[in-house]
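The lines below spell out each chain.
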Amino acid sequence: MRISIKGGTEEQKLHAKQFCKFFAKKFFKDELSKLISVKIDHNPYNDNDLADCVWTDEETPPKKFHIQLFLPEEISLVNYLRTIAHEMVHIKQFAKGELRQLPSTNNEICKWHGARYEWEMHYWDRPWEIEAHGREKGLVIDYGKAHNMGTSLQSLF
Ligand SMILES: [Zn+2]
């Protein structure tokens, strides 16, 4: 996986990069991982939208992704990584074709593991958000353990 990062502190950059590699190893086969690139931009804080993720290529499933962060400067490392973890789960959903847009429906409908849903359905009922929110914490804990930060990260939740 190719990862490029703009902005952020040195600590954030180091962990974002390391986390993405950890994530790729867990979810992507080597052949797929090699094709994926992720660009992460750190932007000024915006309390409406702390992060989002889009794809920027025309492939199906897409391979090029752009994560935009709008986090407060004083965010803790754990919450920072949680945000990256959340967006990376969405990248997995898109890159593996688990979540697909249906252009024939004017992009109003998407397919999630083969079932049709409205993109704009209630946020907390969206199965792709349920997965992303549900995985955040465990991914950060496992990442911490894999990098000898286990207890320090876990105790912060
Ligand atoms: Zn989400």
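Above this text you will find the structure in question.
Residues numbered from 1 in each chain as written. Predicted model: local features only at pLDDT ≥ 70, side-chain atom pairs only at ≥ 80, totals over all residues.

Enquirer: Quick rundown of the packing of helix H1 (residues 10–27) against helix H3 (residues 77–95)? Include the residues and the values.
Expert: As a packed pair, H1 and H3 sit with axes 10 Å apart at the nearest point and diverge in direction by 40°. Here H1 and H3 pass one another in a crossing that is right-handed. Residues Glu 11, Gln 12, His 15, Ala 16, Phe 19, Cys 20, Phe 23 and Phe 27 of H1 lie in contact with H3, whose contacting residues are Leu 77, Tyr 80, Leu 81, Ile 84, Ala 85, Met 88 and Lys 92. Taken together, the residues of the contact of H1 with H3 break down into eleven nonpolar, two polar and two charged. (Axes fitted to C-alpha atoms, helices over the stretch in contact; angles between N-to-C directions. Helix = DSSP H or I, 4+ residues; strand = E, 2+ residues; numbered from the N terminus. Left-handed = near helix turned anticlockwise from the far one by under 90°. Contact = placed C-beta atoms within 7 Å. Nonpolar A, V, L, I, M, F, W, Y, C, P; charged D, E, K, R; others polar.)

Enquirer: Tell me about the nonpolar core, residues and numbers included.
Expert: Counting residues in each nonpolar core, the largest one holds 29 residues, and the members touching the most others are Phe 19, Cys 20, Val 38, Leu 81 and Ala 85. Counting only elements with at least two residues in this core, the list comes to H1, strand S2 (37–42), strand S4 (64–69), H3 and helix H4 (127–146). Among the elements that make up this core, the one with the highest residue count is H3 (ten residues). Residues contacting Leu 81, with those up to four places away along its chain left out, are His 15, Phe 19, Val 140 and Tyr 143. (Core = buried A, V, L, I, M, F, W, Y, C linked by C-beta atoms within 7 Å. Buried ≥ 20, exposed ≤ 12 C-beta atoms within 10 Å, placed from the backbone.)

Enquirer: Outline the sheet that holds strand S6 (residues 109–112), listing residues and values.
Expert: Overall, antiparallel pairing links the three strands, which are arranged S5-S6-S7 in an open sheet. Looking along the sheet, the strands with just one partner apiece sit at the ends: strand S5 (99–101) and strand S7 (115–118). The mean inter-strand angle of the sheet, taken between neighbouring strand axes irrespective of direction, is 30°. Pairing between S6 and S7: four bridges, direction antiparallel. Opposite Ile 109, over in S7, you have Glu 118 as the bridge partner. (Pairing = 2+ DSSP bridges.)

Enquirer: Residues and numbers for the packing of H3 against H4, please.
Expert: As a packed pair, H3 and H4 sit with axes 8 Å apart at the nearest point and diverge in direction by 130°. One element, H3, and the other, H4, form an angle in the oblique class. The way H3 lies across H4 gives a crossing that is right-handed. Of the residues in H4, those touching H3 at Val 78, Leu 81, Arg 82, Ala 85, His 86, Val 89, His 90 and Gln 93 are Trp 128, Glu 131, Ala 132, His 133, Arg 135, Glu 136, Lys 137, Leu 139, Val 140 and Tyr 143. Looking at the contact of H3 with H4 residue by residue, the class counts come to nine nonpolar, four polar and five charged. (Parallel < 35°, antiparallel > 145°, perpendicular 65-115°, else oblique.)

Enquirer: Pulling in residues and values, what's your account of the pairing of S2?
Expert: For strand S1 (residues 2–6) and S2, the ladder comprises five bridges, and the chain directions are parallel. Bridging across to S2, Ser 4 finds its partner in Lys 39. Of the strand pairs in this sheet, S2 and S4 are connected by six bridges, and their pairing is parallel. Bridge pairing links Ile 40 to Ile 67 in S4.

Enquirer: Describe the pairing of S4, and please don't skip the residues or the numbers.
Expert: Side-chain alternation along S4 places Phe 65, Ile 67 and Leu 69 on a buried face and Lys 64, His 66 and Gln 68 on a face that remains uncovered. Across five bridges, strand S3 (residues 51–55) lies against S4 in antiparallel orientation. Across the sheet, the residue bridging to Trp 55 is Phe 65, located in S4.

Enquirer: Describe in detail the environment of Leu 77, supporting the description with residues and values.
Expert: Within the secondary structure layout, Leu 77 lies in helix H3. Take Leu 77: there are 17 C-beta atoms within 10 Å of it, and that puts it in the partly exposed class. Taking C-alpha positions, Leu 77 is 7.3 Å from Gln 12, a pair spaced 65 residues apart along the chain. Excluding residues within four positions of it along the chain, Leu 77 makes contact with Glu 11 and His 15.

Read these as spatial facts, not as claims about activity.
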